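Inside the fold
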Amino acid sequence: MERAGRVPVPSKTAAATVFPGDACAAEDSFKDNTKSRSNSLDLGVHSAALVIIGDEILSGFTADENIQVTARALGSIGIPLKVVSVISDSIEEIAAEVLRASQKYDIVFTSGGIGPTHDDVTLKAVARALNQELKLNAEMLEHLRAVQIECAPSGVRLMGNNNSTGGGSSTGIDDSLLPFAMLPEHAKLRFPPAESADASSSNNGGTDSPYSFASSSYSPSPCITPPPPSLEGRVTTDATGKTTGKSTETMKKPSATESTTAAAAATGTRKTWPVLQCDNIFVLPGVPQFFATKMDLIVKYFLSRNHRPHRRKIVLDLEERALVSVLDCFVAKHERVKFGSYPFVDHPEFKTIITLEGPDRDSVEQAVAGLLNVLPANAVLRVAKGAAAGRV
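All values reported here derive from a predicted model rather than from experimental measurement.

Rules behind the numbers
- Residues numbered from 1 in each chain as written.
- Predicted model: local features only at pLDDT ≥ 70, side-chain atom pairs only at ≥ 80, totals over all residues.
- Heavy atoms only, no water.
- Helix = DSSP H or I, 4+ residues; strand = E, 2+ residues; numbered from the N terminus.
- Buried < 20%, exposed > 50% of the residue type's maximum accessible area, 1.4 Å probe, protein only.
- Pairing = 2+ DSSP bridges.
- Axes fitted to C-alpha atoms, helices over the stretch in contact; angles between N-to-C directions.
- Contact = heavy atoms within 4.5 Å.
- Arc of directions from axis to C-beta.
- Salt bridge = Lys/Arg side-chain N within 4 Å of Asp/Glu carboxyl O.
- pLDDT = per-residue confidence, 0-100.
- Core = buried A, V, L, I, M, F, W, Y, C linked by side-chain atoms within 4.5 Å.
- Phe/Tyr/Trp six-rings, centres within 6.5 Å; stacked < 30°, edge-to-face > 60°.

When helices and strands are tallied, the chain shows eleven helices and 14 strands. Scored against the burial criterion, the 392 residues of the chain give a buried share of 48%.

The strand order 2-1-3-10-9-6 describes an open sheet built from six strands, whose pairing is mixed. At either end of the open sheet lies a strand with only one pairing partner, and these are strand 2 (81-87) and strand 6 (188-190). Across the sheet, the mean angle from the axis of one strand to that of its neighbour is 25°, orientation sign disregarded. In the packing of helix 4 (residues 91-104) onto the sheet, contacts are made with strand 1 (48-53), strand 2, strand 3 (107-111) and strand 10 (281-284), and the angle to strand 2 comes to roughly 170°.

Right, let's get into helix 10 (residues 324-333). Listing the buried residues of helix 10 in full gives Val-326, Leu-327, Cys-329 and Phe-330. Taken down its axis, helix 10 places every buried residue within 160° of arc, on the same side. Away from the buried face of helix 10 by more than 90 degrees, exposed residues Asp-328 and Ala-332 are located.

Once that is clear, we can look at the pairing of strand 9 (residues 275-278). Residues Val-275 and Gln-277 line one face of strand 9 and the alternating positions Leu-276 and Cys-278 line the opposite face, and both faces are buried. Where strand 9 meets strand 10, three bridges bridge the pair, whose relative direction is antiparallel. Each bridged residue has a counterpart across the sheet, and for Leu-276 the counterpart in strand 10 is Val-283. What sits between strand 9 and strand 10 in their antiparallel hairpin is a turn of two residues, with Asp-279 showing a positive phi close to 60°.

To continue, consider the pattern of salt bridges. A side chain of one charge can pair with a side chain of the opposite charge when the charged atoms of the two come close. This structure, assessed with the given rule, holds eight salt bridges. The shortest N-O distance in the salt bridge between Glu-92 and Arg-128 comes to 3.3 Å. Here Glu-92, found in helix 4, pairs with Arg-128, found in helix 5 (residues 122-129); they are 36 residues apart in sequence, far enough to count as distant. Among the residues examined, Arg-128 registers a relative accessible area of 47% and is labelled partly exposed. Here Glu-97 makes a salt bridge to Arg-100, at a shortest N to O gap of 2.7 Å. Of this pair, Glu-97 and Arg-100 both sit in helix 4, separated by three residues, roughly a single helical turn.

Let us look at the confidence of the model for the chain. The predicted model of the chain averages 74 in pLDDT, with 62% of residues at 70 or higher. Taken element by element, the predicted model of the chain shows its lowest mean pLDDT in strand 7 (residues 211-213) (31) and its highest in strand 1 (98). Predicted confidence for residues 200-250 stays below pLDDT 50, and this span has 161 contacts to residues more than four positions away or in other chains.

So, about the nonpolar core. With 34 residues, the main nonpolar core has Leu-144, Leu-276 and Val-283 as its most contacted residues. Counting only elements with at least two residues in this core, the list comes to strand 1, helix 4, helix 5, helix 6 (138-151), strand 9 and strand 10. Counting residues per element, this core draws most heavily on helix 4, which supplies five residues. Leu-316, Val-337, Ala-379 and Val-380 belong to the second largest nonpolar core, which has 21 residues in total.

Despite not being glycine, Asn-131 shows a phi value in the positive range, around 60°. When you line up the elements, Asn-131 lands in the loop between helix 5 and strand 4 (134-136). One non-glycine residue, Asp-279, lies in the positive phi region at around 60°. With respect to the helices, strands and loops of the structure, Asp-279 is situated in the loop between strand 9 and strand 10. The buried category is assigned to Asp-279, whose relative accessible area is 0%.

This part covers the packing of aromatic side chains. Going through the model one piece at a time under the given rule, you end up with three aromatic pairs. Considering the side-chain rings of Tyr-301 and Phe-302, the 6.4 Å spacing of their centres and the 55° angle between planes classify their relative orientation as tilted. On the basis of relative accessible area, Phe-302 is assigned to the buried category, the value being 0%. Look at Phe-344 and Phe-350: their rings are 5.0 Å apart centre to centre, the planes differ by 80°, and that puts the pair in the edge-to-face class.

With that out of the way, let us pick up the sheet that holds strand 11 (residues 310-316). With antiparallel pairing, four strands are arranged side by side in an open sheet as 12-13-11-14. The open sheet has two edge strands, strand 12 (338-343) and strand 14 (380-385), and neither has a second partner. Across the sheet, the mean angle from the axis of one strand to that of its neighbour is 15°, orientation sign disregarded. In this structure, strand 12 lies alongside strand 13 (residues 352-358), joined through six bridges in antiparallel fashion. Considered in strand 13, the bridge of Phe-339 is made with Leu-356.

Here it is as structure tokens:
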């Protein structure tokens, strides 16, 4: 990826460069000749945690794909992902971690454990963490009725209707769908605008719904773990309307469009599962395709945008060990800038990447200019900013 915009590859002697004894003095000299401003940007108070749930992750059976998706999605609106934890399929362990994270961070996302099988216990754990019960959610039930009717091909008899002759229920939906309507009692379903829901459904090839219909019968799809409607969108409040957990003031208040009634949600425009929010916790499916879709909806419609930090990346043909003293100096002198140093072993194009991130452009650019002034010119392969600075 670093080929684009590269200068000619320097000679290998650059890797053995030894800096002058006082690199900090060189930096001070350079700073004296530059104009400095400190128009800092308010990064806000948002922070986020991600709780990944699943024995399959801990055992190595499945590789996680949702950490990077979360970090990039939140980063696009200026919300830093502060911590990631991976928890087994244990109600007690999930509840303890979710409670801890929800008390320490502004927003918590859970990934996985919301399917229909015995080891999908995330909803129970979230309810326990918030001291709530799982109850049949009327809005989710209405949404499931709409999904069941809309997805069934013409002429297919739907089980679960009052007129069904077996396997049905008085709720008007198939019995196999009922578990997805059991949600923490104060959970909130967050529906995106209808047009985005249609687009999401189209992008997923219709697979956002966990159910498939055969030519003559209706049955849960054996191939897709559904993001339970019950898992995707709720806010905890008590009888007085007060939140029972961490304040959700950092999140967008639902607009008139988002505060859709059950009847409106049941129309044919809402083919995707709603996002489930429980207090300051977003409960998301672990399937990467579904997770990414929900994260996209959340950052687009349900979270307020913060000022994004300014980022820069310097790609070097220089061993990291040759940068230690210089980086130590710059870290001490540029307290508003966060430096990162990442070595690459046996990479054909570069040896080290330095990243710089700060609340305002001037602070970061001052540090970048200072570094470029003291680094060997033939060791600098590329300097990137914007989105490119956040990726290798």
